[in-house]
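Topology and contacts: notes
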Amino acid sequence: MDTILGIKTIIAVVETGSFTAAGDRLSISKALVSKYVGIVEEQVGVRLFNRSTRKISITEAGKNYYERVVPLFDDYSELVDNLAEHETSPRGQLRISAPVTFGESNLAPLLPELLNRYPDLSVDLHLSDKIIDMLEEGIDLVIRIGGVDDSNLIARKITSFPLIMCASPAYLEKHGHPTNARELEQHTTIIDSNFRIGFNWPLISKSGEPSVAHVKSHISANSPRAVKEVVLANGGIGLIPEFVIEEQLRTGELLRVMDNHKTLEFGMFAIYPHRKFVPRKVRTMVDFLIEKFS
């Protein structure tokens, strides 16, 4: 067994917490992971993991091994990456996690251009609106819309997306156009349950005066695309990220509501593990995102 492969296997087991998940990250079988771990333990002469029929746990020696070997592996990876920097294009599989709606509508259409530009790359795109553990899932890069509160990760801000209050022309023709928070409270709204603001929509007038509309709603959804569809069906006023409704605003299928006020905006971040070495494929993707969205 190659020494580097053994090190990668130990790192994968520690960070994912199981032989099965480590095998998924490395694209090898659980049995092969177990074999490689056994070989490394034989080489170093200590047990790195305690095993039972249901779970594994890392030993004190395993923790020491992991803490010492991660910087060494990063240095080796950086050396290989730097040697190839000027000779080849970025290569290898890039595992990306992104929110469902953004990934489907904004990111996926850009991937052919990325791979035409960098033919030695491949992309494994995971779409989920849940917060994931990058190390456990073996994800190289997370694209997140909203805040970042994990100090163990590096978050590079790419751009900001404002939330837009909007409704269908038919709804506004029937119910009228609200012009302030009190009038907005008389309308039916559609709630995106992903937003912590809930039924309290913050507003800022052009003169900078803040207010809060305590809106009412009979429909909520945890998807901005679902909120958009309800609004398109004349269901009420929605508060939707601009990137979700750009086309409908352009065609007039949706109209801005209270465009004399601003509301929240969310940052778009590229997130990767807080380590000294950042693989070239990750740096390439971050630069690509900045080019396309900044």
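The structure this text deals with has already been given above.
Residues numbered from 1 in each chain as written. Predicted model: local features only at pLDDT ≥ 70, side-chain atom pairs only at ≥ 80, totals over all residues. Heavy atoms only, no water.

**Topic: the overall build of the protein chain**
Let me state the cut-off plainly: Put simply, DSSP H or I for four residues or longer makes a helix, DSSP E for two residues or longer makes a strand, and each gets a number counted from the N terminus. Here the globule rule is a power law, 2.2 Å times the number of residues to the power 0.38, and the radius of gyration is based on C-alpha atoms. With a 1.4 Å probe rolled over the protein chains alone, any residue whose accessible area is under 20% of its type maximum counts as buried; one over 50% counts as exposed, and the rest are partly exposed. Two residues form a contact once any of their heavy atoms are found within 4.5 Å. Surface exposure here means Shrake-Rupley accessible area, sampled with a 1.4 Å probe, where a residue is shielded only by the protein chains that are shown.
From N to C terminus, the protein chain includes twelve helices and 14 strands. A compact globule built from 294 residues should have a C-alpha radius of gyration of about 19 Å, whereas the protein chain, at 24 Å, is more than 25% larger. Based on the C-alpha atoms only, the size of the protein chain along its principal axes is roughly 75 × 45 × 35 Å. A buried classification covers 42% of the 294 residues belonging to the protein chain. Here the contacts in the protein chain between residues at least 6 apart in sequence split such that 74% fall between residues at least 24 apart. Here the protein chain displays about 15,800 Å² of accessible surface, and carbon together with sulfur accounts for 49% of that area.

**Let's talk about the environment of H175**
Positionally, H175 belongs in helix α8 (residues 169–175). Judged by relative accessible area, H175 falls into the partly exposed class, the value being 43%. For the pair formed by H175 and H187, sequence separation is twelve residues and the distance between their alpha carbons is 7.6 Å.

**What to know about the pattern of salt bridges**
For clarity, the cut-off: Think of a salt bridge as a Lys or Arg side-chain nitrogen and an Asp or Glu carboxyl oxygen that are within 4 Å of each other.
Applying the stated criterion across every chain yields a total of 13 salt bridges. Two residues, R91 and D120, come together in a salt bridge whose shortest N-O distance is 3.6 Å. One end of the pair, R91, is in the loop between α4 (60–85) and β3 (92–98); the other, D120, is in the loop between α6 (111–117) and β4 (121–127), with 29 residues separating them in the sequence. Residue E113 pairs with K292 through a salt bridge whose shortest N-O separation is 2.7 Å. Of the two residues, E113 sits in helix α6 while K292 sits in helix α12 (residues 280–293), which places them 179 residues apart along the sequence. In this structure K292 comes out as partly exposed when scored by relative accessible area, which is 31%. One network of salt bridges, with partners in common, ties together E113, R117, E291 and K292.

**Structural notes on the nonpolar core**
This is how the line gets drawn: What is meant by a nonpolar core is a set of buried Ala, Val, Leu, Ile, Met, Phe, Trp, Tyr and Cys residues, joined one to another through side-chain atoms within 4.5 Å.
Counting 33 residues, the largest nonpolar core has M285 and L289 as its most contacted members. M285 has contacts with L94, I96, L107, L114 and L141, leaving out every residue within four places of it along the chain.

**Brief notes about helix α3 (residues 30–44)**
Applicable threshold: Multiplying 1.5 Å by the residue count of a helix minus one yields the expected span of that helix. In this description, the arc belongs to the directions extending from the helix axis to the C-beta atoms.
When the terminal C-alpha atoms of α3 are compared, their 21 Å separation across 15 residues agrees well with the 21 Å that a helix rising 1.5 Å per residue should span. Those residues of α3 that fall on the buried side of the exposure criterion are V33, Y36, V37, V40 and E41. For α3, the angular spread of buried residues about the axis comes to 140°, placing them on one side. Facing away from the buried surface of α3 by more than 90 degrees, the exposed residues are A31, K35, E42 and Q43.

**What to know about the side chain of D192**
Rules: By the counting scheme adopted, Arg and Lys are positive, Glu and Asp are negative, and His together with the chain ends is not counted. N or O atoms within 3.5 Å of each other form a polar contact, as long as, within protein, one can give a hydrogen and the other can take it, and as long as residues adjacent in sequence are counted only when both atoms are side-chain atoms.
Turning to its location among the elements, D192 is positioned in strand β7 (residues 188–192). It is R225 that comes nearest to the buried, bridge-free D192 among opposite-charge side chains, at 11 Å. Of note is the side chain of D192, whose polar atom sits 2.9 Å from the backbone nitrogen of N194. Each residue touching D192, except ones within four places of it in the same chain, is listed here: A221, N222, S223, P224 and V227.

**Description of the pairing of β7**
Stated formally: By this definition, two strands are paired if DSSP reports at least two bridges between them.
β7 sits mainly inside the fold: four of its five residues count as buried. When β7 meets strand β10 (residues 216–221), the two strands line up parallel, connected through four bridges. Counterpart to I191 in the pairing with β10 is S220. Summarising the sheet, β7 and strand β11 (residues 237–241) pair through two bridges and their orientation is parallel. By the bridge assignment, I190 is partnered in β11 with G238.

**Quick notes on the packing of aromatic side chains**
Keep this limit in mind: The aromatic pairing rule takes the rings of Phe, Tyr and Trp, using the six-membered ring of Trp, and pairs them if the centres are within 6.5 Å, calling planes under 30 degrees apart stacked, those over 60 edge-to-face and the rest tilted.
Scanning the entire structure with this criterion turns up six aromatic pairs. Relative to F243, the ring of F102 lies with its centre 5.3 Å away and its plane at 90°, an arrangement referred to as edge-to-face. Of the two residues, F102 is situated in helix α5 (residues 100–107) and F243 in helix α11 (residues 242–251); the sequence distance between them amounts to 141 residues. One exposure class covers both F102 and F243, and it is buried. A centroid spacing of 4.7 Å and a plane angle of 55° characterise the contact between F161 and F243, whose relative ring orientation is tilted. Residue F161 is found in strand β6 (residues 153–167), and its partner F243 is found in helix α11; the two are separated by 82 residues along the sequence. For the pair formed by F161 and F243, the shared burial category is buried.

**As for α11**
Every buried residue of α11 is listed here: F243, V244, I245 and Q248. Those residues of α11 that are buried lie in contact with α5, β6, α10 (224–232) and β11.

**Focus on the sheet that holds strand β9 (residues 210–214)**
Taken in spatial order, the three strands of this open sheet run β9-β8-β13, and their pairing is antiparallel. Taken across any chain shown, the strands that pair with only one partner, and hence form the sheet edges, are β9 and β13 (261–262).

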